Each structure stands twice: as structure tokens, then as C-alpha cells.
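Below, each chain spelled out in residue letters.
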Amino acid sequence: MIATDVGRAIRSTLILWVITAIIYPLVMIGFGQIVFPYQANGSLIKNNAGNIVGSALIGQPFTSDRYFNSRPSTTSYSTADPKKDEAGVLKTGVSGASNLAPSNPALLERIKGKNDPDPTKRIEGDLNRLKTAGVQQPTADLVYTSGSSLDPHITPEAAQTQIARVAKARGLQPNQLAELISRNTDGRFLGIFGDPGVNVLKLNLALDKLKSTS
């Protein structure tokens with residue numbers, strides 16, 4: 001009886017393993033490739049030349065006056081200098097915010113532009129740089145990092161505060177950029193969940209297609 005029960009248990013385990021570890025994953029992979037190929041392959045974004053320039057799900061650093069700046073990142077969006085990667089960000093792909101409260105003195109000092117000995121805790125889009133760039137009243141998402149520190153979106157308001165700077169740098173009319181932001185604003189999921197957001201990479205790729213009026 002014991003030998004029979006053991007044999008049945010082993011057979012059941014093997015069958016379940018084949019179903020859950022081989023058959024089910026392969027079916028899901030095939031379903032994803034057929035029904036949702038864009039999402040299943042990482043939501044990759046290509047430029048006009050057909051080259052992959054990033055993913056719609058992962059933020060990239062943009063700090064040039066000619067582009068809409070992205071949300072700050074405590075991990076530099078995993079693009080740290082390999083020679084100065086003391087935290088091993090590139091090796092591990094670690095992401096995460098600083099978890100400092102808005103009232104925390106350490107966060108206030110960092111926002112004011114003081115150097116932090118830990119390169120993974122420096123915010124490129126600090127308050128002083130934003131004001132120097134003409135963004136006198138930056139929104140919270142231009143100052144504070146996201147939970148993952150890899151957020152690809154900013155709010156429409158954050159994009160709009162940068163219109164004057166980008167328009168001046170590119171010789172464009174502000175209304176051109178306002179319309180561009182509107183066209184590249186993602187609405188709420190199913191119309192009710194979340195908040196509208198602007199994917200910075202998609203917006204900047206669309207920006208490169210605009211021609212100067214000057």
C-alpha cells in the first residue's frame with residue numbers, strides 16, 4: 001500500500017511539473033506572441049531608422065534643454081558609469097527610490113543641489129537646475145523620484161512647465177509643443193484607473209520630428 005501511494009505521488013508530481021513548468025509557460029508564450037506581440041517583447045520603441053531606442057515601460061535620462069526632461073532617478077535609470085558603479089547598479093539592475101519623506105532634511109539638501117557622496121543618490125533634475133532652465137514652479141514629479149525610480153512618465157503639467165525652455169532651444173512655437181504634449185498624453189486606464197501621463201521617450205521622439213519655425 002505504501003509503495004502504491006508513493007508511486008502515485010511521484011507520478012502526480014511529474015505530471016503537474018510537466019503541466020505547470022513546461023506546457024503552461026509555452027502556451028502563454030505562444031499566446032502572448034500571437035495576441036500581444038508588442039507587450040510580450042518588452043514594449044520596445046523604435047526611431048525613424050527602425051533602431052530600438054528603449055522601452056515604453058522603462059524611463060531614460062533626458063536633461064538637455066532641447067528635450068523634455070524625465071523624472072529624476074536615484075539609480076540613474078541603471079545607466080551609471082561602469083567605472084563609477086560603486087553600488088553595482090549595472091550588475092544587479094537594482095531599482096528603487098530613496099524613501100525619504102518630503103520633510104526629511106537629507107532630501108531637502110539633495111534637492112537644493114548639494115553633492116551627495118553616493119552617486120546613486122544624486123538627482124540630476126534638482127531644483128536649482130530646473131529654475132535655471134526656466135522652470136520656476138516645477139511639479140513634484142520633476143523633483144521627487146518614483147517608487148521604482150524607473151518611471152517612464154511625467155504628468156502633463158510637468159511637460160507643460162518645460163514648454164518655454166524647449167521652444168526657445170529649438171526655435172519652436174509654444175503652441176506647437178502644447179499640441180504635441182496633448183497628442184502624446186496617455187489617458188486613464190479604461191477611463192477610470194490611474195492618472196493621465198506623458199511617456200517622455202515617446203514625446204521626445206515626436207519632438208525630433210517637428211521642424212523649427214525660425
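As a starting point, this report considers the structure included with it. Because the structure is predicted, anything quoted here is derived from the model rather than measured. (Residues numbered from 1 in each chain as written. Predicted model: local features only at pLDDT ≥ 70, side-chain atom pairs only at ≥ 80, totals over all residues. Heavy atoms only, no water.)

1. Considerations on the overall build of the protein
Logical step 1: Along its length, the protein carries 9 helices and 5 strands.
Logical step 2: Helices (α) and strands (β) of the protein occur, in sequence order from the N terminus, as α-α-β-β-α-α-α-β-α-α-α-β-β-α.
Logical step 3: Across the 214 residues in the protein, those meeting the buried criterion constitute 31%.
Logical step 4: Here the analysis covers contacts within the protein between residues at least 6 apart in sequence; of these, 57% occur between residues at least 24 apart.
Logical step 5: When the accessible area of the protein is evaluated, it comes to approximately 13,300 Å², of which 59% is carbon and sulfur surface. (Helix = DSSP H or I, 4+ residues; strand = E, 2+ residues; numbered from the N terminus. Buried < 20%, exposed > 50% of the residue type's maximum accessible area, 1.4 Å probe, protein only. Contact = heavy atoms within 4.5 Å. Areas by Shrake-Rupley, 256 points an atom, 1.4 Å probe, with all protein chains shown as cover.)

2. Some words on empty space enclosed by the protein
Logical step 1: One pass over the structure, following the stated rule, counts 2 cavities of 30 Å³ or more.
Logical step 2: Each pocket or cavity is described by its volume, and for the second largest cavity that value is around 50 Å³.
Logical step 3: Around the second largest cavity sit 13 residues that line it, and Gly59, Gln60, Pro152, Val200 and Leu201 are the ones nearest its centre.
Logical step 4: Of the residues in the lining of the second largest cavity, the class split is 6 nonpolar, 5 polar and 2 charged. (1 Å grid on protein atoms, 1.4 Å probe; cavity = no way out; pocket = protein on both sides within 12 Å on 5 of 7 lines; lining within 4 Å. Points joined across faces, edges and corners; volume = space filled by probe spheres on them. Nonpolar A, V, L, I, M, F, W, Y, C, P; charged D, E, K, R; others polar.)

3. Here we look at the packing of helix α8 (residues 174–183) against helix α9 (residues 200–207)
Logical step 1: At a minimum axis distance of 10 Å, the contact between α8 and α9 shows a crossing angle of 135 degrees. Here α8 is positioned oblique relative to α9, judged by the angle of their axes. Every pair of crossing elements has a handedness; the one defined by α8 and α9 is right-handed. Contact residues: α8 offers Leu177, Leu180 and Ile181, while α9 offers Leu203, Ala206 and Leu207.
Logical step 2: Residues that form the contact of α8 with α9 fall into these classes: 6 nonpolar, no polar and no charged. (Axes fitted to C-alpha atoms, helices over the stretch in contact; angles between N-to-C directions. Parallel < 35°, antiparallel > 145°, perpendicular 65-115°, else oblique. Left-handed = near helix turned anticlockwise from the far one by under 90°.)

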